[in-house]
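Chain by chain, the residues:
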Amino acid sequence: MKKILAIDDSEINLELLFRIFKLHYPEYQFLKALSGKQGIDLAIKERPEIILLDIIMPEMNGYEVCKFLKKEATTQDIPIIMISALGQNSEERTKGLNVGADAFISKPFSQSELRAQINVALRIKKVEDLLRKRNESLELFIKDQTNKYLQNEERFLQISAHALEFYWEVDSKGVFTYVSPAIEKILFIEPQKIIGEMHYLDFFQVKDWKTKKSKIELSFMERSSFNDFELELKLSNKGKIWLAVSGFAVFDKKNNFYGFRGVCYDITTRKNAEIALNKNVRQIKNYQKKLKKLNTEITLVEERERRRIAENLHDSLGQTLSLAFIKLSSIVDENTSPHVSKVIVETSDLLDKAISESRTLTYDLSPPILYELGLIAAFKWKLEQISKNNGIQTALLGENQNINIKKEFNIFLYRIVSELLTNIIKHASANLITLNIHKGKKYYYISVEDDGIGFKKSRNQKASKEGGFGLLSIIERLDSIKGQFNIESEPGKGTRATVLIPLEE
């Protein structure tokens, strides 16, 4: 049975959440913890689908619990929604998101808002679990095919050590004058049935080549040598056999053409292994293409869902709050008592703040500017928000540039740039961020540069639980739109990340 865990030091709050889940999520088992340590133990043991986490708790606060769970391998993929009265403070929300929280709900909250956040988190986790399982299946498949290939290769090497070959000779007319006895072990043909009876064109079955002459035939005509020419022979008594054929022209003492001599090696095992390997490689590549396509489709579905939720918040919650604000403000007049007027004004201020926060939430989920005004306007808005909320100076170069790519890929590029900007805010300690956009002959170049602390670039840097998944996500998203990614950095000299997007033909 799927489980949901709530961590709060208040029994009243836990009882309220329990009643909500019992009513709206009866298929889930509700787990509760009265402390951060107890919550961590339950999360590791029970592996819930989602965690609701309070911030203000004794001994271990919500930030510490969240940070621990996101570093723990068994719990780092579980969505965490923080619920606290501190949610009205943007600095506290930012702090919560920085330690790994997936969403933030302010107390007091409405049940509809809580359910919406939980549904989004559950949908995203379901998609991520599906993608993770597909990745694991693909990794197992690749490992299995690699092991089979290594086994085939080892088998081939063993056979090669005891390989059989037979020698042959034809006269100037191309008729066999000699075949070594080993031919009977390889092709199950007696030498006397070939010597003086068969022409080399018939034996090597090159008469079937209607469109072009084989290398053997050309070498015979030109009286030149040839090496390791591969032939597939169709034998009535043994099916198909692959031979590697080598030969050279023979001349008598008067330099008259005498015929050809050569050797044939049985390479059937090797060729079958190569054919099987090529087939497996094609299958693996096909699986990879399907997986990348699935990843793209999942991302687009996620973005459509974000946009739908954002539109619902704007059209429903936002308008309702605005209407309440207008109506409440209209009842203040000269006859209203000072006490009532004060309450109305304070309530109006709270409504105004709720409107602002709902608008911010809408933009975080899916910025309307991106769909209404385009990428450049969205980039400009994003930089303005960074300057306003983080005190970092920003600059946009090339804002008159027009990025002409498929509309459904605009969100990919926006998320990529947003991920790079978020990395700068988290890790770079920068004072200036510059976003530069220009158009080349084949690509759009979008570079994000900062004057922060920089880092030493590792040649074999891999994604791990300590970090790296952000860059991996960027590379995967770019791969789906045939883009490229390059990053340059030195300690103390800042970082420049460049995204290359091909021009749309």
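These numbers come from a predicted model, not from an experiment. (Residues numbered from 1 in each chain as written. Predicted model: local features only at pLDDT ≥ 70, side-chain atom pairs only at ≥ 80, totals over all residues. Heavy atoms only, no water.)

Draft legend 1. Inspection of the overall build of the protein at higher detail. Along its length, the protein carries 14 helices and 15 strands. In the protein, buried positions account for 38% of the 505 residues. Once local pairs closer than 6 in sequence are excluded, the contacts in the protein between residues at least 24 apart make up 61%. As displayed, the protein offers around 30,200 Å² of accessible surface, 51% of which is attributable to carbon and sulfur atoms. (Helix = DSSP H or I, 4+ residues; strand = E, 2+ residues; numbered from the N terminus. Buried < 20%, exposed > 50% of the residue type's maximum accessible area, 1.4 Å probe, protein only. Contact = heavy atoms within 4.5 Å. Areas by Shrake-Rupley, 256 points an atom, 1.4 Å probe, with all protein chains shown as cover.)

Draft legend 2. Quick peek at the nonpolar core. Counting residues in each nonpolar core, the largest one holds 38 residues, and the members touching the most others are Phe 379, Ile 403 and Leu 413. Among the secondary structure elements, those contributing two or more residues to this core are α11 (368–373), α12 (375–390), α13 (407–428), β12 (432–439), β13 (443–450), α14 (469–480) and β15 (495–502). Broken down by element, the residue count for this core peaks at 11 residues, all from α13. Other than its neighbours up to four places away in sequence, Ile 403 contacts Leu 375, Ile 376, Phe 379, Leu 413, Ile 437, Tyr 444 and Ile 446. (Core = buried A, V, L, I, M, F, W, Y, C linked by side-chain atoms within 4.5 Å.)

Draft legend 3. Summary view of the packing of helix α2 (residues 36–46) against helix α3 (residues 62–71). Two elements in contact, α2 and α3, have axes whose closest approach is 10 Å; the angle formed by their N-to-C orientations is 20 degrees. The angle between α2 and α3 falls in the class roughly parallel. At the point where α2 passes α3, the crossing takes the right-handed sense. Along its contact with α2, which presents Gly 36, Ile 40, Ala 43 and Ile 44, the element α3 presents Val 65, Phe 68 and Leu 69. Residue composition of the contact of α2 with α3, by class: 6 nonpolar, 1 polar and no charged. (Axes fitted to C-alpha atoms, helices over the stretch in contact; angles between N-to-C directions. Parallel < 35°, antiparallel > 145°, perpendicular 65-115°, else oblique. Left-handed = near helix turned anticlockwise from the far one by under 90°. Nonpolar A, V, L, I, M, F, W, Y, C, P; charged D, E, K, R; others polar.)

Draft legend 4. Looking closely at the packing of aromatic side chains. Enumeration according to the criterion identifies 19 aromatic pairs in this entry. Arranged with centres 5.7 Å apart and planes meeting at 70 degrees, the rings of Trp 168 and Phe 204 form a pair that is edge-to-face. With a gap of 36 residues between them, Trp 168 in strand β6 (residues 165–171) and Phe 204 in the loop between α7 (200–203) and α8 (215–222) connect regions that are remote in the sequence. Trp 168 gets classed as buried once you look at its relative accessible area, which sits at 5%. One aromatic cluster in this structure is built from Tyr 200, Phe 220, Phe 226, Phe 251, Phe 257 and Phe 260. Note that Lys 271 overlies the ring of Trp 242, its terminal NZ or CZ placed 4.7 Å from the centroid. (Phe/Tyr/Trp six-rings, centres within 6.5 Å; stacked < 30°, edge-to-face > 60°. Lys NZ or Arg CZ within 6 Å of the ring centre and 35° of its normal.)

Draft legend 5. Here's a closer look at the packing of α12 against α13. Put simply, α12 and α13 touch, their axes get as near as 11 Å, and they point 20 degrees apart. What the angle tells us is that α12 and α13 run roughly parallel. The two elements α12 and α13 cross, and the hand of that crossing is right-handed. Mapping the contact onto sequence places Leu 375, Ala 378, Phe 379, Trp 381, Lys 382, Leu 383, Ile 386 and Asn 390 in α12 and Asn 410, Leu 413, Tyr 414, Val 417, Ser 418, Leu 421 and Ile 425 in α13. Residues that form the contact of α12 with α13 fall into these classes: 11 nonpolar, 3 polar and 1 charged.

Draft legend 6. Looking closely at α12. The terminal C-alpha atoms of α12, which comprises 16 residues, lie 22 Å apart, in line with the 22 Å expected from a rise of 1.5 Å per residue. Residue Gly 391 follows α12 closely and has a positive phi angle near 70 degrees. (Expected span 1.5 Å × (residues − 1).)

Draft legend 7. Layout of the sheet that holds strand β10 (residues 257–266). Reading across from one edge, β7-β6-β10-β9-β8 is the order of the 5 strands in this open sheet, with antiparallel pairing throughout. Of all strands in the sheet, those with a lone pairing partner are β7 (176–179) and β8 (226–235), marking the two edges. Direction aside, the axes of adjacent strands within the sheet are offset by 25 degrees on average. Both strand β9 (residues 239–251) and β10 contribute to a ladder of 9 bridges, which runs antiparallel. In the strand pairing of β10, Ala 244 is matched with Tyr 265. Helix-sheet contacts for α8 involve β6, β8, β9 and β10, and the interaxial angle to β8 is about 130 degrees. (Pairing = 2+ DSSP bridges.)

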